[in-house]
Structures are given as C-alpha cells and as structure tokens.
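Next come the chains, spelled out residue by residue.
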Amino acid sequence: MQRRTLILLTVVLLLIQLAAPIASVEAEDRLSEKALYMKHIRVLVSEEFAGRAAGTPEARKARDYLTEQLRQIGLKGAFGGKYQQLFKVAIGTEPDIQKLRVMGAKKKTVELTPGRDINALALSAGGSFRGQAVFVGYAVRNRTHKYDNFAGLGPGSLKGKIAVAMRYEPHDKTGQSSWTDRPKGWTYSASLSSKISLAARYGASGLLIVNPSAHAKATLPETNSSRYKLKFIPVMHVSTDAFKRLLSGAGLNADKEMARLETLANTGTKPAAEIRGLKLSGQVSLKSRWGKTCNIAAVLPGRGKLAGETIIVGAHWDHVGRKGATQGPYCPGADDNASGSAGVLILAKRLADRAAKDTSKHRRAIVLTWFGAEELILVGSGHMAKNLEDLGLK
C-alpha cells in the first residue's frame, strides 16, 4: 500500500512563541533558551554576515553557521544525510553593453566612461534608442504638491524621443527636498521606478536620469540587482559632468543650459519640452550574474504508521545584503528573517530533545528548513517545492 505524505509548509516570519513550549520546560531552561534565541539573531544580523545576500561570501558564512548549529543539535541532514540543497540563482545584473553619444555629423564627439559617467540600471530594458532629447523635469506627477511634468501630454506623446529627467525631486540649493523635512530624505516621487514607469507610459524610447548640480558628487547607482522587474525601456543614469559634456557636444552652453533646466524643474510645474539641438543615441545590454546558494534542512525521521506523513517547518535565512554600492551600509534583516531563522533553530533543538525521550511507536517525520534566495522572489522555496524528491519523502 502506498504511504500517505502530508506536507505542511509554515514560513516563520518573526519568532516562535517561546512562552509556550512544546514539552514541559523548567523556567531556568526557558531563560537559557531565550538567551540562545537572541544569540542566534545577533550573530545573523552582525556585520560579519552583512545582510546575507544570496551568493555572497557573507551569506556563505551564515550558511555555515546554521549548518554547524544543526550538527551540534545532532539532527540528520534532510538531503540524503546532507544539510544543503544547492542551486544556481541569478544574484544580480551587470552591463554587457552601455553606449551613449550625441547624434549628428557636426556634433562634437563626447567620450563617456561606463561606471563613471554613465551606468545602465538593473530596471532597464535592453535595446538601442535614438532621438530628440526631451526634458521632463523630475519625471514626477504629484497631486499633493500640484506638480506634473507630463501635464497636457497624451499616451505616446514621447514616442521616438529620449526623456531626460533629473534625479530625486524638487529641492533647494543645498540639495534638501522641498517636499519633506527629513534630512537627506525624499518622497516616493523621487523613486527611480516611478520615473521609469511614467516615461514609458508616455512612450519614451529611452530615459536618462541625471544627477542635479546639488548632488553632482553623488555616485551613480550600480547596475547590481533589483527585485523589481520593470524592463519597460532602456534606462541610463548620467553624472552631472557627463550630461554637461553632452550639452556642450550639442553646441549648447553647458552651464547655462543646466541651470535653466534645473530652474524649470525646481520652480514649478513645467510640461515636457525639447532640449534644443540635443539628439542622442545609445544602447543598453544587460546580462545576469549567476551564483550558488542553498536551502538548508534537517530531519527528524518518522516511525510506524505515521512515518509516511511529513511536516515541514521553515523560514528563509537570506536577506538583501548591502544598500546601493557593494561597500554601502548593510541591511541587518532582524525580522526579515533572522528572527524566523533563529526561531526554527530553537524549535529544532526542542524537537531533537523531545525525540530523544520519545518511545512512541508512531511519529510523523518533521523537516526543519531554511530557504535561500527568498529575497530574490521566493527562489529557494520554489526550488524545494519542485525538488521534494531530494528530501527522500516516502
């Protein structure tokens, strides 16, 4: 007779209720357990693990920490005795081709250096673009502030043209946002995804996002990775200096034209308008950067008539890594999901201790798992769901 298999997936997002132990635990043991729980969290959120982004050396350290804890607990690896289920994952995006130049035989040649002067964004679509440059302010529509850079435009109004938008949103000469009092803070209008979506909605063939003068020293965002999958049109980020060189290449007084555009953007609602003489062409091609990561799992074997039924309890152990640049501040991910990962470790020890004293003839198998690459849109749990045979479930 074929045995039944019951699979219950429970993703632990925050913490397991330590005050309600599965078995009777003395008060002193509970205090010790809580201390161990907090220790696991502190380790996982430490700078040594730098946000546990999939495919990074820091993530591998977190992986090793979790598997070592399982060895100490004494649980068997769930994947044929091994703790890790390896898989490949696209951990980022990097430019393959990124070109931008001023069009026209009589235009001055402008040499731009990828990574310093221009950088394609991970939100960019691949492809070539060419056409008249149209300034769209900050590429913002904000009803609260009665600000609309696309006022009067209909769908497709920018077809065949290259939208040029300033980074961020209206701000003063010091670079402080006019729409929020938070130091160095911005509203949603400043988001890159919002600008890209609006430019694409009005039919632009491509979008250049330019650092305004108050933020001329700001670094260009790395292509890196993105959890958002816009991919509507080619998008490049351009430094202040590089954009001025493009203006000069088109025969314009770069400083005066830059000042004029910034004034238009900062002093009120102005509809999109062509930048006289500036015609551009470019190309963007991106490729995935692949890496390896894993799901981690241990098993308490079942026995007797219930051995063919399995409960799976899981949390994801990865997080998003560092903000922006590879050397930027890291995101600790305490609740997303160091707390869940620590909680499943505590549960693993409880269950192992209970199983050592359990003399019952019938018991369900329990798999305790930590999913990898969940921040890349549920990759780890999806991989496990498609490869349950790796668990050797009966």
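Because the structure is predicted, anything quoted here is derived from the model rather than measured.

**A few points about the pattern of salt bridges**
Tallied over the full model, the rule gives 15 salt bridges. For lysine 349, the salt bridge is made with aspartate 353, and the minimal N-O distance between the two is 3.1 Å. With a gap of four residues between them, lysine 349 and aspartate 353 both fall in helix α6 (residues 334–357), about one helical turn apart. What makes lysine 349 partly exposed here is its relative accessible area of 37%. On the basis of relative accessible area, aspartate 353 is assigned to the partly exposed category, the value being 39%.

**Quick word on the confidence of the model for the chain**
Overall, the prediction assigns the chain a mean pLDDT of 87, with 88% of residues at 70 or greater. pLDDT under 50 marks residues 1–25. Its contacts with residues more than four places away, or in other chains, come to 66 contacts.

**Considerations on the pairing of strand β8 (residues 162–166)**
In terms of burial, β8 is largely enclosed, as five of its five residues are buried. One ladder, built from three bridges, connects strand β5 (residues 127–135) with β8; its direction is parallel. Across the sheet, the residue bridging to alanine 133 is isoleucine 162, located in β8. In this structure, β8 lies alongside strand β9 (residues 206–210), joined through five bridges in parallel fashion. When the sheet's bridge partners are listed, alanine 163 is paired in β9 with leucine 207. This β-α-β element, β8 to helix α3 (residues 192–201) to β9, shows right-handed connectivity.

**A closer look at the packing of aromatic side chains**
For the structure on display, the rule yields four aromatic pairs. Between phenylalanine 49 and tyrosine 65, the aromatic rings sit 6.4 Å apart at their centres with planes inclined by 55°, giving tilted as the arrangement. With phenylalanine 49 in the loop between α1 (27–44) and α2 (57–73) and tyrosine 65 in helix α2, the pair connects residues that are 16 residues apart, well separated along the chain. On the basis of relative accessible area, phenylalanine 49 is assigned to the buried category, the value being 3%. Geometrically, the ring pair formed by phenylalanine 150 and tyrosine 202 is stacked, given 4.9 Å between the ring centres and 5° between the ring planes. On the criterion of sequence distance, the pair formed by phenylalanine 150 in the loop between β7 (147–148) and β8 and tyrosine 202 in the loop between α3 and β9 is long-range, its members being 52 residues apart. You'll find phenylalanine 150 and tyrosine 202 in the same group, each marked buried. Lying across the ring of tryptophan 290, lysine 88 places its NZ or CZ 5.6 Å from the centre.

**Section: the packing of α2 against α6**
At a minimum axis distance of 10 Å, the contact between α2 and α6 shows a crossing angle of 15°. By the criterion of interaxial angle, the relationship of α2 to α6 is roughly parallel. Remark: the crossing between α2 and α6 carries right-handed chirality. Counted together, Leu66, Gln69, Leu70 and Ile73 of α2 and Leu345, Ala348, Lys349 and Ala352 of α6 form the full contact between these two elements.

**A closer look at the side chain of serine 194**
Among the structural elements, serine 194 can be located in helix α3. Dropping the residues within four chain positions of it, serine 194 is found in contact with Tyr188 and Ser189.

**Quick look at the side chain of asparagine 119**
The residue asparagine 119 is located in strand β4 (residues 118–120) in this model. Residue asparagine 119 is classed as buried on the basis of its relative accessible area of 8%. A polar side-chain atom of asparagine 119 sits 3.5 Å from the main-chain amide nitrogen of glycine 115.

**Quick word on helix α5 (residues 254–266)**
In this model, α5 (13 residues) spans 18 Å end to end at C-alpha, consistent with the 18 Å of a helix rising 1.5 Å per residue. Those residues of α5 that fall on the buried side of the exposure criterion are Ala254, Glu257, Met258, Leu261, Glu262 and Ala265. Within α5, the buried residues cover an arc of 130° as seen down the axis, which keeps them to one side. Facing away from the buried side of α5 by over 90 degrees, the exposed positions are Asp255 and Lys256. Phi turns positive, to about 155°, at glycine 268, one or two residues after α5.

Cut-off values and rules
- Residues numbered from 1 in each chain as written.
- Predicted model: local features only at pLDDT ≥ 70, side-chain atom pairs only at ≥ 80, totals over all residues.
- Heavy atoms only, no water.
- Salt bridge = Lys/Arg side-chain N within 4 Å of Asp/Glu carboxyl O.
- Helix = DSSP H or I, 4+ residues; strand = E, 2+ residues; numbered from the N terminus.
- Buried < 20%, exposed > 50% of the residue type's maximum accessible area, 1.4 Å probe, protein only.
- pLDDT = per-residue confidence, 0-100.
- Contact = heavy atoms within 4.5 Å.
- Pairing = 2+ DSSP bridges.
- Right-handed = clockwise from strand over helix to strand, strands pointing away.
- Phe/Tyr/Trp six-rings, centres within 6.5 Å; stacked < 30°, edge-to-face > 60°.
- Lys NZ or Arg CZ within 6 Å of the ring centre and 35° of its normal.
- Axes fitted to C-alpha atoms, helices over the stretch in contact; angles between N-to-C directions.
- Parallel < 35°, antiparallel > 145°, perpendicular 65-115°, else oblique.
- Left-handed = near helix turned anticlockwise from the far one by under 90°.
- Polar contact = N/O pair within 3.5 Å; in protein donor to acceptor, adjacent residues only side chain to side chain.
- Expected span 1.5 Å × (residues − 1).
- Arc of directions from axis to C-beta.

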